[in-house]
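Topology and contacts: notes
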Amino acid sequence: SVSLIADDNADVTGQVRALYDDAERHVRDVCHESRRFREQIVAFDEQYPGGKRILIVDDDKDYAHSLARPLEDIANEIDVTYSAEQAIDLLRRHPYDVCVVDIMLPGETGLWLCQELRRESMHPLAHVLLITARVEWQHVESYVRRAGANGYLIKPFPPEELRGRVEKYFEDDQPPYEVDPVSPK
């Protein structure tokens, strides 16, 4: 009976040690990711000192450029693209502070783009503002948050509303929402 107790204690000790080792590895991984995010932010600040960069994604070219106009004097650089796939390519090459993304795009949707941005941790502090004309979605706010976006606007909206949101995001350095898979109808 003494040897059974010793065996049970050894099993419990081994399990506790394994849990401790797993927790220690997780903490190291989190610290490494945190360090990597800080390095990305520093690299961005060095590349664009005091600058703000915006990405606008909308398949309507004229509308996309009209979105850029009220933001020209508050951003150092504004890139405009017309699909989620083109946006991913730009996001892999350039850091952005704010992404203004139409939900309904040809090919992959704006929700997909937002999830990819969050999932790949390309720009951990980039804010995403989704825009849509689909007011009939009953749960649009839920879709937006679950995709990892910071907010949304329903088209049409006044340019001042867009500008106000972007300025607010420029001031906010909090990480975005958690990402849950989402697929709107």
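A few points on the structure. Small disclaimer: the values here were computed from a predicted structure and weren't measured.

Comments concerning the overall build of the protein chain
When helices and strands are counted, the protein chain shows six helices and five strands. Listing the helices and strands of the protein chain from first to last along the sequence gives α-β-α-β-α-β-α-β-α-β-α. For the protein chain, the proportion of its 185 residues judged to be buried stands at 38%. The long-range fraction of contacts in the protein chain, counting pairs at least 24 apart against all pairs at least 6 apart in sequence, stands at 69%. As presented, the protein chain carries roughly 10900 Å² of accessible surface, and 52% of it is formed by carbon and sulfur atoms.

Focus on the nonpolar core
One finds Leu55, Leu91, Cys99, Val101, Leu113, Val128 and Leu130 to be the most contacted residues of the largest nonpolar core, which totals 24 residues. Among the elements of the structure, strand S1 (53-57), helix H3 (84-93), strand S3 (98-102), helix H4 (110-119), strand S4 (127-132) and helix H5 (140-147) are those that each provide at least two residues to this core. Take this core: its biggest share by element is five residues, from H3. With residues near it in sequence (within four places) discarded, Leu130 still touches Val101, Ile103, Gly110, Leu111, Val144, Ala149, Gly151, Tyr152 and Leu153.

Quick notes on the sheet that holds S4
Pairing in this open sheet of five strands is parallel, and the strands run S2-S1-S3-S4-S5 from one edge to the other. If you trace the sheet from one side to the other, it starts and ends with strand S2 (77-81) and strand S5 (151-154), each paired once. In this sheet, adjacent strand axes meet at a mean angle of 15° when their direction is disregarded. Two elements, S1 and S3, share four bridges in a ladder whose sense is parallel.

Here we look at the side chain of Ser83
You can see Ser83 is positioned in the loop between S2 and H3. Within the structure, Ser83 has its side chain in polar contact with the backbone nitrogen of Gln86 (distance 3.1 Å). Once you skip the residues sitting within four places of it in the chain, Ser83 turns out to touch Val57 and Leu105.

What to know about unusual backbone geometry
The bulk of non-glycine residues show a negative phi, and the bulk of peptide bonds are trans. Of the consecutive residues Lys155 and Pro156, the connecting peptide bond is found in the cis state with omega at -5°. The topology assignment puts Pro156 in the loop between S5 and helix H6 (159-171).

A closer look at the packing of H3 against H4
Two numbers describe how H3 lies on H4: the axes approach to 10 Å, and their chain directions differ by 20°. Here H3 is positioned roughly parallel relative to H4, judged by the angle of their axes. Taken as a pair, H3 and H4 cross one another with a handedness that is right-handed. Seen from H3, the contacting residues are Ala84, Ala87, Ile88 and Leu91; seen from H4, they are Trp112, Leu113, Glu116 and Leu117.

A closer look at the packing of H4 against H5
With their axes 8 Å apart at the nearest point, H4 and H5 run at an angle of 30° to one another. By the criterion of interaxial angle, the relationship of H4 to H5 is roughly parallel. Residues Leu111, Cys114, Gln115 and Arg118 of H4 pack against Tyr143, Val144, Arg146 and Ala147 of H5. Across the contact of H4 with H5, the residue classes break down as five nonpolar, one polar and two charged.

A look at H4
Within H4, eight of the 10 residues are buried, which leaves the element mostly enclosed by the surrounding structure. In the core, the buried residues of H4 are packed alongside S1, H3, S3, S4 and H5. A distance of 3.3 Å separates the backbone nitrogen of Leu111 from a side-chain oxygen at the start of H4, and that oxygen is part of Thr109.

Rules behind the numbers
- Residue positions are given per chain, counted from 1 along the sequence in the order it is written.
- Totals for whole chains, interfaces and linings use all residues, but because this is a predicted model, local features are given only for residues with pLDDT of at least 70 and pairs of side-chain atoms are given and counted only at 80 or more.
- Excluding hydrogens and water, the side-chain figures rest on all heavy atoms present in the structure.
- Numbering of helices and strands runs from the N terminus; a helix is a DSSP stretch of H or I covering at least four residues, while a strand is a stretch of E covering at least two.
- Burial classes follow relative accessibility: with a 1.4 Å probe on protein chains only, a residue under 20% of its type's maximum area counts as buried, one over 50% as exposed, and anything between as partly exposed.
- Contacts are residue-level and defined by heavy atoms, with any inter-residue pair within 4.5 Å sufficient.
- Computed with a 1.4 Å probe, the accessible areas rest on the Shrake-Rupley method; for each residue, only the protein chains presented here act as cover.
- Side-chain atoms within 4.5 Å link the members of a nonpolar core, which is a set of buried Ala, Val, Leu, Ile, Met, Phe, Trp, Tyr and Cys residues.
- At least two bridges found by DSSP between two strands is the condition for calling them paired.
- Structural elements are reduced to axes, namely lines fitted to C-alpha atoms, with helices fitted over the stretch in contact, and the angle between N-to-C directions of any two is expressed from 0 to 180 degrees.
- Counted as a polar contact is a pair of N or O atoms within 3.5 Å, where, for protein atoms, one must be capable of donating a hydrogen and the other of accepting one, and residues adjacent in sequence contribute only when both atoms are in side chains.
- Should an angle lie under 35 degrees it is considered roughly parallel, over 145 roughly antiparallel, and from 65 to 115 roughly perpendicular; all remaining angles are considered oblique.
- Should the near helix be turned counterclockwise from the far one by less than a right angle, the crossing is left-handed, whereas a clockwise turn marks it as right-handed.
- In this count, Pro and Cys sit with the nonpolar residues alongside Ala, Val, Leu, Ile, Met, Phe, Trp and Tyr, while Asp, Glu, Lys and Arg are called charged and the others, Gly among them, polar.

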